[in-house]
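Structure assessment
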Amino acid sequence: MDYAKTLESNSVKIQVGAALFLRAEGAKGYPHLPELLRCCQAIDLKKESIDKYEDGLLGYGALSMGEVLHDYGFEASNPLHIQILDWLVETTHCQHLNVAANAIWGLGLLASNHDKAVRCLTLIIESDIRDNERHELSLRAIALRMLARIGRSCYGGTTICNGIK
């Protein structure tokens, strides 16, 4: 797939394909992250409803950015890495549950022990269930799984979940 061409498309429907498949590229997909981030940031997270293509772009984009950046290696001094981390953290608060869930998952895939990522996941775990959330699988449960994953990968198997209510 020509990721550059696909992400430069004006069609969100076409961009979704790049967002979906870029995750499988691992670190080789890194050069495409700035454009993927731009595409995702172009969608207004505050609007009342998003269509299935916007949902797909945001969700797959979050997962791909987390996975690719993890494989490449997160560097806290790199402005792009911080922009992606900030976007993922911001998107976890999105009113659209699928998008928020994928952002939480993407944050966990990033597996950064960056304080901002850990703090975000911890706050989600400690928060109340949202009014529009399904009780079968909550955003808190996803955040707990991702925080445990970060703990295993960044802290040699020790838990960073101690002290969470």
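Let me begin by describing the structure that accompanies this report. (Residues numbered from 1 in each chain as written. Predicted model: local features only at pLDDT ≥ 70, side-chain atom pairs only at ≥ 80, totals over all residues. Heavy atoms only, no water.)

1. Observations concerning the overall build of the chain
Using the following cut-off: The secondary structure listing takes helices from DSSP runs of H or I that are at least 4 residues long and strands from runs of E that are at least 2 residues long, numbered from the N terminus. Relative accessibility thresholds used throughout: buried, under 20% of the residue-type maximum; exposed, over 50%; partly exposed, between the two (1.4 Å probe, protein chains only). Throughout, a residue-residue contact means that at least one pair of heavy atoms, one from each residue, lies within 4.5 Å. Here the Shrake-Rupley method, with its probe set to 1.4 Å, supplies the accessible areas, and only the displayed protein chains count as covering residues.
Looking only at helices and strands, the chain features eight helices and zero strands. Listing every helix and strand of the chain by position from the N terminus yields α-α-α-α-α-α-α-α. The burial tally for the chain puts 47% of its 165 residues in the buried class. In the chain, once contacts between residues fewer than 6 apart in sequence are set aside, the share between residues at least 24 apart is 64%. Carbon and sulfur atoms form 49% of the exposed surface of the chain, whose accessible area is close to 8,500 Å².

2. Regarding the nonpolar core
Selection rule: Here, the term nonpolar core denotes a set of buried Ala, Val, Leu, Ile, Met, Phe, Trp, Tyr and Cys residues that are joined through side-chain atoms within 4.5 Å.
Leu-33 and Leu-36 are the most contacted members of the largest nonpolar core, which totals 47 residues. Breaking this core down by element, the ones donating at least two residues are helix H1 (3-8), helix H2 (12-22), helix H3 (33-41), helix H4 (52-72), helix H5 (79-91), helix H6 (97-110), helix H7 (115-126) and helix H8 (139-154). If you tally residues by element for this core, the top one is H6, at seven residues. When sequence neighbours within four positions are dropped, the list of residues in contact with Leu-33 reads Leu-22, Met-65, Val-68, Leu-69, Leu-80 and Ile-84.

3. Points about the packing of aromatic side chains
How we decide: Any two of the Phe, Tyr and Trp rings considered here, Trp counted by its six-membered ring, make a pair once their centres fall within 6.5 Å; the pair's planes then place it as stacked at under 30 degrees, edge-to-face at over 60, or tilted in between.
This model, assessed by the stated rule, comprises one aromatic pair. Both rings, one in Tyr-30 and one in Tyr-72, keep their centres 3.6 Å apart while their planes meet at 5°; by these two values the pair is stacked. Linking Tyr-30 in the loop between H2 and H3 with Tyr-72 in helix H4, this pair joins segments that are 42 residues apart in sequence.

4. Let's talk about the environment of Ile-84
On the secondary structure map, Ile-84 appears in helix H5. A C-alpha to C-alpha distance of 8.8 Å links Ile-84 and Leu-69, two positions 15 residues apart in sequence. The residues touching Ile-84, leaving out its near neighbours within four places in the chain, are Leu-33, Leu-37, Met-65 and Leu-69.

5. Overview of the packing of H4 against H5
The condition that has to hold: What counts as an axis is a line fitted to C-alpha atoms, over the stretch in contact for a helix, and the angles between N-to-C directions run from 0 to 180 degrees. By definition in this entry, angles of less than 35 degrees are roughly parallel, angles greater than 145 are roughly antiparallel, angles of 65 to 115 are roughly perpendicular, and the rest are oblique. Crossings are sorted by hand: turned counterclockwise from the far helix by less than a right angle, the near helix makes the crossing left-handed, and turned clockwise it makes it right-handed. Throughout, the ten residues Ala, Val, Leu, Ile, Met, Phe, Trp, Tyr, Cys and Pro are labelled nonpolar, Asp, Glu, Lys and Arg are labelled charged, and all others, Gly among them, are labelled polar.
The contact between H4 and H5 brings their axes to 11 Å, and the two run at 140°. Taken together, H4 and H5 sit at an angle that is classed as oblique. Classified by chirality, the crossing of H5 by H4 is left-handed. Where H4 approaches H5, its residues Leu-58, Ala-62, Met-65, Leu-69 and Tyr-72 are matched on the opposing element by His-81, Ile-84, Trp-87 and Leu-88. Grouping the amino acids of the contact of H4 with H5 by side-chain chemistry returns eight nonpolar, one polar and no charged.

6. What to know about the packing of H2 against H4
Put simply, H2 and H4 touch, their axes get as near as 8 Å, and they point 25° apart. Taken as axis vectors, H2 and H4 run roughly parallel relative to one another. As for the relative orientation of H2 and H4, their crossing is left-handed in sense. Seen from H2, the contacting residues are Val-12, Lys-13, Gln-15, Val-16, Ala-19, Leu-20 and Leu-22; seen from H4, they are Tyr-53, Glu-54, Gly-56, Leu-57, Tyr-60, Gly-61, Ser-64 and Val-68. Taken together, the residues of the contact of H2 with H4 break down into nine nonpolar, four polar and two charged.

7. A word on the environment of Glu-8
Structurally, Glu-8 can be placed in helix H1. Among the residues examined, Glu-8 registers a relative accessible area of 54% and is labelled exposed.

8. So, H2
For H2, the complete set of buried residues consists of Gln-15, Val-16, Gly-17, Ala-18, Ala-19 and Leu-22. Check the buried side of H2 and you find it contacts H1, H3 and H4.

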